[in-house]
Each structure stands twice: as C-alpha cells, then as structure tokens.
Amino acid sequence: MKKKIIPFLASVALMTLSSCSIDFGFSAIYSVSTTSVATSFTGSREDPFYNGSEYFRKMLINGGMYSAPSTGNVKALVVPVVFKDDQSTYSDTSAKGIELKSKMQTAFFGTANETGYWESLSSYYTKSSYGKLNISGTVTPYLNLDYTVDQALASIPKGKDSASITNTIAEKAYDAFFTNGSYNYKDYDSDNDGIIDLVWLVYCHDYSRSDNTSLLWAYTYWDSSANYSHLANYSWASSSFMDESGVGVDAHTFIHETGHQFGLDDYYSYDNSPSRSPMGGVDMMDNNIVDHCSFSKYCLDWVSPIVGKKDQSYTLKPFESSGDCLILGDNFNGTCFDEYFIAEYYTPTGLNALDTANDYDNAGVYGLSQSGLRILHVDQRLGKFTSKGWDGYLYDNPSTQSHSSYYYWMINSNSKCYCSSSTNYCLVNLVQASGKTNLLETSSGGASSHFANNNDIFTSTSKVFGQDIYGTNQKTNEGWTLPYKVEISSLSSSGLSLTLSTNS
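Not measured: the values here are computed from a predicted model.

Draft legend 1. The overall build of the protein, seen in detail. A tally of regular secondary structure across the protein gives eleven helices and 18 strands. Whereas a compact globule of 504 residues would reach a radius of gyration of roughly 23 Å, the protein reaches 22 Å, a difference of no more than 12%. Overall size of the protein, expressed as C-alpha extent along the three principal axes, is 75 × 50 × 40 Å. The proportion of buried residues among the 504 residues of the protein is 58%. Excluding contacts between residues fewer than 6 apart, the proportion of contacts in the protein whose partners are at least 24 apart in sequence is 74%. When the accessible area of the protein is evaluated, it comes to approximately 19,000 Å², of which 46% is carbon and sulfur surface. On the protein, the mean spot of the 32 positive side-chain charges and the mean spot of the 52 negative ones are 3 Å from each other.

Now the structure itself:
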C-alpha cells in the first residue's frame, strides 16, 4: 500500500527560502554549469563525502525542505488527533483511548518483540542505520478537534489536498502542548537548530483508499508558517495503519513516512496509470517493505560506500547487517548528487526477512528471496531552479548557502511528471540482471509486471554488469560508459566476492 509525500512546488520552495538566511560555509569551487547532460567535472573522487556527511540534508534545506537529523539521538513528538465524531470513543481516560495510546507507544517506541509482529519505528531505524540513529519520544495526550471528519472533508476546495487542514492541526498541537502547555520544544530538538526533529499526527479514524483529498490517507508535509518557527516537517496517518497486517502492531506505514521526514523521496511513480515502477516495489520508500536501500542510506549518512576501482577485487558482506556497498561509475564527483551505480549484497535476512515471507498489505509484492548483488542506477544530479523553473544547466557540488532568488534541486524523479530533464530518466532504479526493462516501461501488463523478482539481481551465473548490461556500447544519462565489468566469483551467506575487471 503506497503512501505519499506531498511535494513542494518551486514557488513554495522559493517562498520558504526567502524567509531564511542559512550559510553552511561550503565553497562553490566545483559549482559549474553545462549546456548538455554531461557535467564538466572529470576524474573520480574516492571520498564519497567530499562535501561532508550532511551535504544531502543541507542541500534539501537550501531547497526549502527542512529534513530531520538522520543520525544521533533524535526525538519524535507523536500526537493522537481525534475528530469531533470520535471523541466519545477516544480520550485519555476511556478504555479504548488508553488502549490505542498504548498501541501507539509500541508502534513508535517499542521493542521488536513488543510489536508481536515485526519492528517499531524506533527499532527499525536503529537496525537500518546500524545504530547511527536512535529515535525516542513522547505520545502526547489526545488532541481534540472541534469539527467532524465530514466537516473537514467538506471544507477542502474541489481539486485541492488537505495540507492546509493538517498544517492547522500541527499548529493547534503546538499551541496545546508547547505554547499553552508544559512541553519545551528544546526537548525535541536534538541538533539545537530550533526545529522539532520529528512530528507525527496520528488521526484516530479509519483511513480511506478512495479519499482524493488525502485527509483520510497518509502523507508527509511541511509547515512554513513564520508564526510557528519551531515546526517544519510532519507526517499524518491513521491509527488504523497499525492494524494493516492483521498481526500485532504494524509500523510499516509510519516507517515509510518517517523516511520522508529525513528527506527521502517516494521511489514509486505518481504518474497516472499505466506507470513505471523503477524499484520494482521492493524498498521501504517504494511499497513500504523491507530495509532501506544503499542509495537511501548513503544520502542519510548511514553507510560509507567504497568507490570502486578497475582491476580491484572486493568482498561485500550482507548489506542489511554490514552496510557494505560499492559505487560503480566514472567521473564521480564525491557526493550523492551525481549519476552513478551503487551495489549492495542483498540477502533475504534481517529487516528483509518478514516482507520476503509475507505480503503485509495484500499488494502482491514481496521482498526478494534470492541473495545476490543488487545494483541501483542513481541519477541525483542537481539543477538550479527559480520561480520560472529549471535553468537547463547541471551543477557539480554547489554551495549549500541559501539564496532568495534560486535554489538547487534534483532534476530527476521516479515520477515522470516531476522530471525536469528527460522523462526517460529516474532518480533511482533497479538494474535488472535479467536484461529486461519492464520495470521502467509504462505498459499495462498488470501489476505483477512491475514487481521485481529474483532474476533481477546479479549472481555468478547471471548476465554480467558492465558487459552484457551497461556494456561498452551503452552510455549513461550523463554520457559515460562503465570502465570495467563486474565479475562475481563467489557468493555465500557471509559475503559476495567480485572483481572490477577490464572490459575486453
């Protein structure tokens, strides 16, 4: 079941930028524009964090989208929200109200065992980040609204979404618990930047798949009101998502939406059907399943990829437990904002295990049961945007200093409707070891044609990456070819060994 992020448009981002002046002190030595899809930077950097480990987060802030700190002891404020027609059922003293808040405590901050199913938000992110991120926090008293669900829906103009309503609810929560209550925002601001790390608004009402306003669905948005400067990112979802799997306390949806609060995009497509499915459904930021992929973890500073070199051999341990990953490409600029391939040793273990064996939301998509080298094609290059849109140029390693008249943003998305460059490009997609490209096609061959399968990851007997797939005759979006082929020599439960061999 796919939830969503409600994206900022360029005009909104510029409006947000104009009200702040953030200077992170980065130089723009390598900030060069081009008139084609190929950047002017040549050579490959070996340091994957050339501009520092927080470059991803700072660049998003430069673009007007505040992102929560993704490492350290991060705090979350969880607010149970009750519409007027549900207040006789859910209160701080009613039996059902006490029970529901206890479930929220488990879903967000419990141990894996306490969920009776899989992971809580906190336990998932501790494991996914290899202990670099630890989330704790508070489930507040119930926040009562003075209108019913139907009244809220009726107040939304036709063709509009519900973000204006949920912004108001976020501000009402701040007033109730901080301005007029005993809470101190500093207790929820782990990096002391003046903004609450994570905010969750959990409405105590069933969700609806048919609600086109998103009020009765799940999404992430940002409150940019100058009167509520300690608020920014927040997520909105139904308490009923805790029952989505039908077993124990289910946190899948809350984990996915929290990924947005850290700055991660949706990896599925928003395009009208038929649409493409670049990741094949198998990722937490796609169909809400399994672990986060190596690209996401690289952006969030949870892994330190090795930049691969020709004629070198490497052994990667299972990614879900080690974080081992390898950047493959040419002319790599030393940041996650470039075009490259990133490879990990995928195994159906750890955070991948449950969703490999179970279809938690009956969507028909599972984690992959085959172990092998999962290779992702990333094109997270940056363009400069103004109120008129993209200027048509690409920029390597621009400064993260904020400007009132422009900002830098990714030119590609997994949704064609949000691609500023070619709609044939993706932000991140699974390279299919079978040689097929059905995940990138917009054919109407049924949902299963857009699900990744075991044949889509590389093994010692599959096609060879850099030879059969993306060989010397196949150029990337940026115009380069791989300077080597990836030959897998062995694969076991403890590791996968490969060599980056010279192409013949």
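Next comes the rest of the write-up.
Draft legend 2. Examining the environment of His403 more closely. Here His403 is to be found in the loop between β14 (389-395) and β15 (407-410). When the C-alpha atoms of His403 and Gly63 are compared, they prove to be 9.2 Å apart, with 340 residues separating the residues in sequence. Within the structure, His403 has its side chain in polar contact with the side chain of Tyr406 (distance 3.1 Å).

Draft legend 3. Fine view of unusual backbone geometry. A positive phi angle, near 60°, is found at Tyr130, a position not held by glycine. Positionally, Tyr130 belongs in the loop between α5 (121-128) and β3 (133-139). With a phi angle near 65°, Asp301 is a residue other than glycine that sits in the positive phi range. Relative to the elements of secondary structure, Asp301 occurs in the loop between α9 (294-299) and β8 (306-307).

Draft legend 4. Molecular detail of the sheet that holds β14. Taken together, the three strands give an open sheet; going across it, the order is β14-β13-β15, and neighbouring strands pair in antiparallel fashion. Of all the strands in the sheet, just β14 and β15 have a single pairing partner and so form its edges. Within the sheet, the average angular offset between the axes of one strand and its neighbour, ignoring direction, is 40°. Bridge count between strand β13 (residues 382-386) and β15: four bridges; the pairing is antiparallel. Looking at the pairing, Phe385 lines up with Tyr407 of β15. Where helix α2 (residues 55-62) meets the sheet, its contacts fall on β13 and β15, and the angle it forms with β15 comes to roughly 120°.

Draft legend 5. Quick peek at the environment of Leu153. Turning to its location among the elements, Leu153 is positioned in helix α6 (residues 149-154). As a C-alpha pair, Leu153 and Ile165 span twelve residues in sequence and 9.4 Å in three-dimensional space. With residues up to four places along the chain from it excluded, the contact list for Leu153 reads Asp211, Thr213, Leu215 and Leu216.

Draft legend 6. Examining empty space enclosed by the protein more closely. The tally for this structure, following the rule as stated, stands at three cavities of 30 Å³ or more. Lining the largest cavity are 13 residues, and of these Pro48, Phe49, Gly52, Tyr55 and Cys336 lie nearest its centre. For the lining of the largest cavity, the secondary structure elements donating two or more residues are α2 and α9. Partitioning the lining of the largest cavity into residue classes produces eight nonpolar, five polar and no charged.

Draft legend 7. Representation of helix α7 (residues 163-179) in the model. Here α7 spans 22 Å end to end across 17 residues, near enough to the 24 Å set by a 1.5 Å rise per residue. For α7, the complete set of buried residues consists of Ala163, Ile165, Thr166, Asn167, Ile169, Ala170, Glu171, Ala173, Tyr174, Phe177 and Phe178. Structurally, α7 contributes buried residues whose contacts are with β2 (72-82), β4 (143-144), α6, β5 (198-203), β6 (219-222) and β7 (233-238).

Draft legend 8. Representation of the side chain of His260. Looking at the element boundaries, His260 is found in helix α8 (residues 252-261). Note on His260: relative accessible area 0%, which makes it buried. Looking at His260, its side chain comes within polar contact range of the main-chain oxygen of Leu264, at 2.7 Å.

Draft legend 9. Representation of the pattern of salt bridges within the structure. For the coordinates displayed, the defined rule picks out twelve salt bridges. A salt bridge links Asp243 to Lys103; the nearest nitrogen and oxygen atoms lie 2.4 Å apart. Residue Asp243 is found in the loop between β7 and α8, and its partner Lys103 is found in helix α3 (residues 95-109); the two are separated by 140 residues along the sequence. Between Lys297 and Asp291 there is a salt bridge, with its nearest N and O atoms 2.7 Å apart. Of the two residues examined, Lys297 and Asp291, each falls in the buried class. Among the ionic contacts, a cluster of salt bridges with common partners joins Glu54, Arg57, Asp191 and Asp193.

Draft legend 10. How the structure looks around the nonpolar core. Among the nonpolar cores identified, the biggest contains 88 residues, and Phe254 and Phe295 are the most heavily contacted of them. Leaving out residues up to four positions away in the same chain, Phe295 has contacts with Tyr267, Tyr340, Ile342, Leu376, Val378, Gln380, Leu427 and Val428. Among the nonpolar cores identified, the runner-up in size contains 31 residues, and Leu143, Leu145, Tyr188 and Trp236 belong to it.

Draft legend 11. Quick peek at the pairing of β14. Where β13 lies against β14, four bridges are found, and the strand directions are antiparallel. Directly across from Leu382, in β14, lies its bridge partner Tyr395. Hairpin connection from β13 to β14: two residues lie between these consecutive antiparallel strands.

Draft legend 12. Spatial organisation of α2. Judged by how many residues are buried, α2 sits mostly within the fold: eight of eight residues are covered. Buried residues of α2: Tyr55, Phe56, Arg57, Lys58, Met59, Leu60, Ile61 and Asn62, and no others. Gly64 lies just past α2 and shows a positive phi near 90°.

Draft legend 13. Summary view of the environment of Tyr395. With respect to the element layout, Tyr395 can be found in strand β14. Assessed through its relative accessible area of 10%, Tyr395 is described here as buried. C-alpha separation for the pair Tyr395 and Asp338, spaced 57 residues apart in sequence, amounts to 9.3 Å. Polar side-chain contacts of Tyr395 include one of 2.6 Å to the side chain of Asp391.

Draft legend 14. Looking closely at the packing of aromatic side chains. Applying the stated criterion across every chain yields a total of 38 aromatic pairs. Ring centres of Tyr406 and Tyr408 lie 5.8 Å apart, and the angle between their planes is 80°; on these two criteria the pair is classed as edge-to-face. Considered together, Tyr406 and Tyr408 belong to a single accessibility category, that of buried residues. When the centroid spacing of 6.3 Å and the interplanar angle of 70° are considered together, the rings of Tyr407 and Trp409 count as edge-to-face. Note on Tyr407: relative accessible area 5%, which makes it buried. Counting every residue linked through ring pairs, the aromatic cluster contains Tyr174, Phe177, Phe178, Tyr183, Tyr188 and Tyr228.

Cut-offs used in this document
Residues numbered from 1 in each chain as written. Predicted model: local features only at pLDDT ≥ 70, side-chain atom pairs only at ≥ 80, totals over all residues. Heavy atoms only, no water. Helix = DSSP H or I, 4+ residues; strand = E, 2+ residues; numbered from the N terminus. Rg over C-alpha atoms; globule rule 2.2 N^0.38 Å. Buried < 20%, exposed > 50% of the residue type's maximum accessible area, 1.4 Å probe, protein only. Contact = heavy atoms within 4.5 Å. Areas by Shrake-Rupley, 256 points an atom, 1.4 Å probe, with all protein chains shown as cover. Lys, Arg positive; Asp, Glu negative; His and termini not counted. Charge placed at Lys NZ, Arg CZ, Asp CG, Glu CD. Polar contact = N/O pair within 3.5 Å; in protein donor to acceptor, adjacent residues only side chain to side chain. Pairing = 2+ DSSP bridges. Axes fitted to C-alpha atoms, helices over the stretch in contact; angles between N-to-C directions. 1 Å grid on protein atoms, 1.4 Å probe; cavity = no way out; pocket = protein on both sides within 12 Å on 5 of 7 lines; lining within 4 Å. Points joined across faces, edges and corners; volume = space filled by probe spheres on them. Nonpolar A, V, L, I, M, F, W, Y, C, P; charged D, E, K, R; others polar. Expected span 1.5 Å × (residues − 1). Salt bridge = Lys/Arg side-chain N within 4 Å of Asp/Glu carboxyl O. Core = buried A, V, L, I, M, F, W, Y, C linked by side-chain atoms within 4.5 Å. Phe/Tyr/Trp six-rings, centres within 6.5 Å; stacked < 30°, edge-to-face > 60°.

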